[in-house]
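Fold and geometry: a report
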Amino acid sequence: MEDNLTSITLGHALLFTVIIPAIAGLVLFALPKKSNRIKDILTIAITVLSCFAAFKLYASVQQAVLVGYCSIILQPFKAWFQIPAECAQYLTLNVDAMARLIILLVAGFSLLISIYATGYHHAEKKPKHFHSLLLLTLAASSAAIFADNLMVLIVFWGFLGFTLYAMLSPDDEQSSAAAKKTLILIGASDGLMILGIAIIGKIAGTFSMALLDLSTTNALTVIAFLCLAIGAFTKAGAFPFHTWIPDYTQTATAPASAYLPAALDKLLGIYFLTRICHDVFQISGGIRLTILCLGALTIIIAVMMALIQHNYKRLLGYHAVSQVGYMITGIGLGSVLGIAGGLFHMINNAVYKSGLFLAAGCVKSATGKDDLEELGGLSKAMPVTFICSLIFALSISGVPPLNGFASKWMIYQGIIDLGKGTGPENHLWMVWLAMAVIGSALTLASFVKFISGIFLGRQKPALGTIQEVNPLMWAPMLLLALICIGFGTFATNWVIPSMLEPITGNIHYSGLWNSSLITLLIGISLLLGILFYVIATSGKLRVAESFIGGETNRDETGFEPVSFYETIRNSLLFKPFYAWAEKKYFDVYELSKKLVLDVSDLFSKAHTGILSNLAFWVLAGLIFMFLFLLL
Amino acid sequence: MAKDLLYYLIFPGFLFTALVGAIFSWIDRKVTAWVQFRKGPPFLQPFYDFFKLLLVKETILPARGSKMTFLFAPLLGLTGAALASMLILLPAIGTKPGFNGDIIVIFYILTIPSLTYIIGALAAGNPLASVGASREMKLIISYELTFLLILAAIIMKAGMTITIHEILAVQTDEGAFIGSISGILLFIAFVFCIQAKLGLVPFDMAEAETEINHGSFIEYSGQAYALIRLTRYMMLFILPAFLCTVLLGGLRTDGIHLLWTVLKTLGILLVLTLIRNTNPRVRIDQAMRFFFIWMNLLVIAAIILDYFNL
């Protein structure tokens, strides 16, 4: 009976998160451009349904299930179809606790973004077919997560590369370059992953993640692991394969940035990394060391780049990279605490990072400006956006008691626990800890720039008429901000036990953190503080012009937050690194582009366009082939 | 619950720390006066200062700033200081071992007051305040790594435990951590971190009276400034108390140990005061270099020595 109920819930989940969104996505492509309102409503309706089905799946199914698609969907048609036995392995679902949680998050973000997009697209130029792409993305990512078979997973995941590209809707030189870069890097990572999967198939003879359990002892397995890991790193955006993310977020619209690079790519990438690190492979100390190194480097390098950005969307893009470092570090630790911390950070990051992109979208659609230099003093004009952004910014910087702190705290503890071991990666625990913590301080620094550059300080005269965005846009943002507070407040006593412990098993903390009590105390203090202000300042508040050392206070007088960190940029220690980074010496894409162009340059020297030369090469090639076949 | 609220608001949280902090601030000013051959303020001067701001002065808001944020920032700063005092002192004086926060939580909460100074300063819309805020932020980046490495070294000395009462238990068994060469190096680095966290000379470039007119705090007046003063009094006591707890064997209050506790914290205060009275203000880039290179090297040296149990 229970099995039957489970399979019905699962069938509904499949229907509403994969099949219906896929069909609707295709249908919406065909609808004319005028019927935007219908598209909006239809998209929201479908995402609501998929959210509901995903929640039901999350809440009602208790154990990990491994079932065939065919037994669920094709149940009524069993008499007509006969699934060949060889196909069955490709039609297996893996619905364990982690998959259920990620599906729920994917569906939830799809709903929020589709609501936001409804408001946003009326305010700004509409990307072509956004609704269809959103629904197709939802369908493909849900299918990828449901899949147990690596081949099926890569097929659906590869499809996301297309939607990612299409959502950018390139229309000028900069955005086409970004789109091309994204497509090439993501496509290359897909290629590597297919290679990795092929190697696995060769070694193990199966593609089922539930059955695989390879230990990384021989070179071939290590290569397979690295191929898959590079795929996960590229898609989630970890150093050194991260370079598409800042370019993408700089040019894409806010809903696209908030949906894919901020939320779904992280969810899927880290989901897959967790799977390969802990289900498919048993990783050795050397690989663990590599992963931790890459995690630590990702944190630091991306945040150092974020520090000097002027374009706020690009700044957020670098943070979308930097935060991945924490997740990778957590997953790479391999302990229960580390994995739980990494997954929790993945969830938290998806929440506040897509919140930040939504906030950036609100600012962009209200002002039309991209650069921090042209903004300032919007806190009064856009109060909801300001408060939400402040919460997200504090959260991403790991200020207690918000959710970003809770997950970082777990990762730090995981790192300290790692220090008890004896391998080389264990002895370096202090390095990982130092990188992670200084990364969080630098994150704070760059968000001081973000918040003050947009919302604080003096209002620019050009921004005098700015108004808050419409509720369809700020409501999803506000909800995300409340989730930030809620997840932070109830982290240790509700969120982690109910969401993460089913995945990782019981967690033993070595530290202490009672976020609920601390939040309560902060709440009480703020209430007392407001009371204090009301009583103490009764009628004595006066507004006056600032004193700036006797100078006249003009509109343009100011010290812009944009130039805050020039000291760091120009310091002897970092100056060469920034110079190299600006020449794109750290960009895998640019480096390989240069390599490819140089090599093809070499070959093109042989092809001068003179017919006799060409004929010679053709003949030489034929002779070579002939000899090769002959021998 | 009611008990926790009492811990938070009365002892050892807000009220107690504020009182002791005010007294510490008086001692600091008195010693400064002696160094400069002056007589110095009367004992109640910090209280006079505070209540004058609170009761007599009016609060003036900057015309071009974000006024609500400007007023809320000091509240959050005070909250952070009160939380830190509760989390540090409750286990340190042994009232409640293992209370609600470990050394990582304390590390983060100790940053909150500085962060709120920055937010408040940026909300003021005054260019001089912005200069102060930018310097404060860069100072945080500089000393945060050193501070973390010090705590990591302490965690290592304590056998990879991160709760204060376990660190204290190790110190009770094996003697205070300062009783070794590495411990002394950590102490030196810790004192400089406190100096920077409190914004005392030579690291007072964020407020630099003679240069940018109190920088971060230039726009604050009346009740809002009273809260900032209170936060700074509290931090003046909490940070030396934290140093005592993690390096000097804790703050025991039973019998003769109470005298030692008082002497230890006052001794650290004296060191801080003397440093601030005998040094010039450094530039922000000098401060960054000082922490990034020299202090980090010092702490790394301490960590290496600790590997050899020195």
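Anything mentioned here points back to the structure above.
Residues numbered from 1 in each chain as written. Chains lettered and ligands numbered in written order. Predicted model: local features only at pLDDT ≥ 70, side-chain atom pairs only at ≥ 80, totals over all residues.

**Side note on the overall build of chain B**
- Per the secondary structure count, chain B includes 13 helices and one strand.
- Traced from its N-terminal end to its C-terminal end, chain B shows the element sequence α-α-α-β-α-α-α-α-α-α-α-α-α-α.
- Its C-alpha atoms give chain B a radius of gyration of 19 Å, within 12% of the compact-globule value 19 Å for 310 residues.
- The principal-axis extents of the C-alpha atoms in chain B amount to approximately 60 × 45 × 40 Å.
- When the 310 residues of chain B are sorted by exposure, 60% land in the buried category.
- Here the contacts in chain B between residues at least 6 apart in sequence split such that 78% fall between residues at least 24 apart. (Helix = DSSP H or I, 4+ residues; strand = E, 2+ residues; numbered from the N terminus. Rg over C-alpha atoms; globule rule 2.2 N^0.38 Å. Buried ≥ 20, exposed ≤ 12 C-beta atoms within 10 Å, placed from the backbone. Contact = placed C-beta atoms within 7 Å.)

**Details of the nonpolar core**
- Counting 323 residues, the largest nonpolar core has Leu267 of chain A together with Ile150 of chain B as the members making the most contacts within it.
- Here this core gets 19 residues from one element, more than from any other, and that element is helix H11 (residues 222-247) of chain B.
- Apart from residues no more than four positions distant in its own chain, Ile150 of chain B is found in contact with Leu186, Ala189, Phe190, Cys193 and Val299 of chain B. (Core = buried A, V, L, I, M, F, W, Y, C linked by C-beta atoms within 7 Å.)

**Quick notes on unusual backbone geometry**
- With an omega of 0°, the peptide bond running from Phe239 of chain A to Pro240 of chain A counts as cis.
- In this structure, Pro240 of chain A sits in the loop between helix H9 (219-236) and helix H10 (244-251).
- Cis geometry is found at the peptide bond from Val201 of chain B to Pro202 of chain B, where omega equals 5°.
- Along the chain, the position of Pro202 of chain B falls in the loop between helix H9 (181-198) and helix H10 (209-212).
- The residue Phe37 of chain B is not glycine, and still its phi comes out positive at about 55°.
- With respect to the element layout, Phe37 of chain B can be found in the loop between helix H2 (14-35) and helix H3 (45-56).
- We classify Phe37 of chain B as exposed; it has 6 C-beta atoms within 10 Å.

**Observations regarding the packing of helix H12 (residues 285-307) of chain A against helix H18 (residues 429-454) of chain A**
Residue and element names in this part refer to chain A.
- Orientation of H12 relative to H18, taken along the N-to-C sense of each, is 20°, at an axis distance of 9 Å. Classified by the interaxial angle, the pair formed by H12 and H18 is roughly parallel. The handedness of the crossing between H12 and H18 is left-handed. Contacts between H12 and H18 involve Leu292, Ala296, Ile299, Ile300, Val303, Met304, Ala306 and Leu307 from the first element and Val431, Trp432, Met435, Ala436, Gly439, Leu442, Thr443, Ala445 and Ser446 from the second.
- Looking at the contact of H12 with H18 residue by residue, the classes come out as 14 nonpolar, three polar and no charged. (Axes fitted to C-alpha atoms, helices over the stretch in contact; angles between N-to-C directions. Parallel < 35°, antiparallel > 145°, perpendicular 65-115°, else oblique. Left-handed = near helix turned anticlockwise from the far one by under 90°. Nonpolar A, V, L, I, M, F, W, Y, C, P; charged D, E, K, R; others polar.)

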